[in-house]
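Observations on the three-dimensional arrangement
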Amino acid sequence: MKFFIFMCSLLVSFASFSQGLTVEKIMRDPKWIGTAPSNITWSPDSRTVYFQWNPVNAVSDSTYKIQLPGTVPVKVEKAERKMIINGEPRYNRSRTKVVYEKYGDLFLADLASKKTSQVTNTGAFENNPFFSNDDRKIFFTSELNLFSWEIGTGIFRQHTDFRRGKKNTPAPPSDQEKWLRNDQLAMFQVLKEREEKKNAAEKIRKSESPQRPKEIYLDEKTVDLVRMSPDEKFVTFRLTKQAKPKNTIVPNYVTPSGFTEDINGRTKVGAALSTQELYVYDVAGDTVVQVSTNDLEGINDKITFKTTPAGKDAKEKKETRQVMFTHVTWADDGSVAAVVARSIDNKDRWISILDPKTRKLKMIHRLHDDAWVGPFLGWSFSDQRAGWVDNRTLWFLSEESGYSHLYVADVNLGTKKALTSGKYEVQNVQLSSGKKTFYLVTNEVHPGEKHFYRLPVTGGKAERITTMTGAHEVEVSPDEKMLAFRYSASTKPWELFVMENKPGAKFTQVTNSLSDEFKSYAWKEPELVTIKARDNLDIYGRLYKPKNPNGAAVIFVHGAGYLQNAHKWWSSYFREYMFHNLLADQGYTVLDLDYRASAGYGRDWRTGIYQFMGGKDLTDNVDGAKYLAEQHNVDPKRIGIYGGSYGGFITLMGLFTTPDVFAAGAALRPVTDWAHYNHGYTANILNTPVMDSLAYAKSSPIYYADGLKGALLICHGMVDVNVHFQDVVRLQQRLIELGKENWEVAAYPMEDHGFVEPSSWTDEYKRILKLFNDNLLRNK
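Residues numbered from 1 in each chain as written. Predicted model: local features only at pLDDT ≥ 70, side-chain atom pairs only at ≥ 80, totals over all residues. Heavy atoms only, no water.

**Digging into the overall build of the protein chain**
When helices and strands are counted, the protein chain shows 14 helices and 48 strands. For the protein chain, whose C-alpha radius of gyration is 30 Å, the value lies close to the compact-globule estimate of 28 Å for 780 residues. Seen through its principal axes, the protein chain has C-alpha atoms that stretch 110 × 75 × 60 Å. Within the span of the protein chain, comprising 780 residues, buried residues form 52% of the whole. Here the contacts in the protein chain between residues at least 6 apart in sequence split such that 56% fall between residues at least 24 apart. Working note: accessible area of the protein chain is about 37,100 Å², and carbon and sulfur atoms make up 51% of it. (Helix = DSSP H or I, 4+ residues; strand = E, 2+ residues; numbered from the N terminus. Rg over C-alpha atoms; globule rule 2.2 N^0.38 Å. Buried < 20%, exposed > 50% of the residue type's maximum accessible area, 1.4 Å probe, protein only. Contact = heavy atoms within 4.5 Å. Areas by Shrake-Rupley, 256 points an atom, 1.4 Å probe, with all protein chains shown as cover.)

**Re the pairing of strand 26 (residues 360-368)**
As judged from the eight bridges shared by strand 25 (residues 348-355) and strand 26, these two strands associate in the antiparallel manner. Note that in strand 26 the partner of D355 across the bridge is K360. Counting the residues between successive antiparallel strands, the hairpin from strand 25 to strand 26 contains four residues, one of them, R359, with a positive phi of roughly 60 degrees. (Pairing = 2+ DSSP bridges.)

**What about the sheet that holds strand 33 (residues 426-431)?**
Taken together, the four strands give an open sheet; going across it, the order is 33-34-35-36, and neighbouring strands pair in antiparallel fashion. Pairing within the sheet leaves two strands with one partner each, and these edge strands are strand 33 and strand 36 (463-464). As paired strands, strand 33 and strand 34 (residues 437-442) are joined by five bridges and run antiparallel to one another. By the bridge assignment, Q430 is partnered in strand 34 with Y439.

**Observations concerning the pattern of salt bridges**
Scanning the entire structure with this criterion turns up 40 salt bridges. When the shortest N-O distance is used, the salt bridge between D516 and K519 registers 3.8 Å. With D516 and K519 both in helix 6 (residues 516-519) and three residues apart, the pair spans about one turn of that helix. Among the residues examined, D516 registers a relative accessible area of 48% and is labelled partly exposed. A salt bridge links D538 to K532; the nearest nitrogen and oxygen atoms lie 2.9 Å apart. Among the residues examined, D538 registers a relative accessible area of 34% and is labelled partly exposed. On the basis of relative accessible area, K532 is assigned to the partly exposed category, the value being 49%. (Salt bridge = Lys/Arg side-chain N within 4 Å of Asp/Glu carboxyl O.)

**Some points on helix 13 (residues 725-738)**
In this model helix 13 runs 20 Å from its N-terminal to its C-terminal C-alpha over 14 residues, within 8% of the 20 Å that 1.5 Å per residue would give. Those residues of helix 13 that sit buried are F725, D727, V728, L731 and L735. End-on view of helix 13: buried residues confined to an arc of 145 degrees, all on one side of the axis. Residues I736 and E737 are exposed on helix 13 and point more than 90 degrees away from its buried face. Packed against the buried residues of helix 13 are helix 10 (646-657), strand 47 (711-717) and strand 48 (743-748). One or two steps after helix 13, the chain reaches G739, where phi turns positive at roughly 75 degrees. (Expected span 1.5 Å × (residues − 1). Arc of directions from axis to C-beta.)

Right, dumping it as structure tokens:
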């Protein structure tokens, strides 16, 4: 009877959900949708796929596995879970052993015997393990230093001796002290004999002591990128001197203590930056020498900006650039290392070959961009996507053609060759274990799709492996015979699949994560459209067309700046996607654009906002509004706009600078003044406020607040450590002083930049819906 009642209530819930969407329904804890699999990893023998999953709606995800050829997921027990390899395993040359880090200790697995032994068990954190060239030792780092462990003997050895602070060197004796000492030894025979014995004993002790690495004192610097050459003759390392600029403070008002507590935040753009140096430690010579960057082409170029201080005429100012080292990787024979460096203004990237004997850099490739150098993978530099094919051939990604593509360079001849080309992006690269094949992820089929390819290292036609429309996140098995991948489409969240690693192979779905409640609604497939911008370029967008149009429209502006959302896979903006379904159900036409500077469309699109955010990125959305009015019978007087973070910024710029285009807008956690945002993102696009103040004045909504006509809603988390709540407070004061009335602010005391509480999401989107209903439907 209880089961019958439960099933009836469940059916009523499904029927209720399918009858109509509400903000309360879609903004619940996302577990109601079903939890997608994540963190896919293979066992070293290529027989088991492990992943995180939560099919039973538990408090948190658990580890599951499938054992090939089976595809039925099974929950992993604790004993086995402790031995799963997380992160990147390192194999020996014969691929019979694998070493990996787990919980800060190192483990060695023998693939033939299937036995795993623990190498370290310490309170320190051991990581970055790798095999020596002869496979007899395992190198690893622990805290500051590089160590090795001999597999056969179990002997540990320390290879570097980095020490914090300054060396405590006693002051040299004065002339008076030297005279007194010499006089004493000359006067007293016993003192002289004892001194001679002491010196002789010290000489014997030093001659019999084992060789120790050179002591290197760091002073106030930190050390990383510690790399031992494969021939074990040299060690490269990077020293960073941390700048100490003023940090921001974010007040936290709702705390367990009942007191307001300060969160120590980030710096602001233009603050002093850390400096870096690269060194080579000659093990045999026991010497340390800094690597010079003087031979890098253009390293001493001075970049000129036009600055406009308040009340003064424009003038030019020059700034000498510094260098940051992002990647070091040795050739297999240890003869040379590849070094990737960037200018601190990110307008140049150099790939060079380091001769450890001379400590000189030979430049192989320079990528210069008057705006800023790409490509990026997400938020990070893709410089780590570079490596050796053999001892003379280096591969890397470059955007020099206008799109991110794969290149190889002959480091002896200094020549390079493009292995891929065309108006698409190579977004990820992996070299096969045998170094015969590249595995690529590209958007060649369509800017809104991600597919997996294989390509011979010698070049030629890349073979496409994946076939389903959407996106694929692929993990290749260690023996490279199988693929495990997450796949999603526009209306289908991520699921796990397996297939053979060959074109045309049959794929099998492993997980079925979606709840019946989620599947009970017919989620709309947004139409992927292209819109002509005013400069005749194509803007990609997703269009949600209602069955019963009400004549109003909403434009959604994605955040993150360099991000893509007009695509054919399940969006990271899944809540917004469901909200757009709700809006379409109520008659709104919804448009979601990959405006200028969005990811996936090449260099020119990426840098289209250089020195002017709120320029082409805004006009792309304005052109989208025009497209809705001309092509979809939308009333041009009833168009709203909303978005979060960068999307909130564009919303403000739209309402302030094109007030006749948008009747209402919701700016969520928006940047209001770029001079108050972080350095890493902002300085690439606008340079710094001191050097390029004109760009900041043009790009910051707070300077245009007097233009507000439409209805404005601002929603912001008060403990946002990314875009600070201070941004909104300053804009509030500006709007008050300007006498503006048609605006309101909703503050969320316990939310950071990305909201986490369903109650906050619900409150925010109920306000957004009310804003649009009140202002876009009132003149219907």
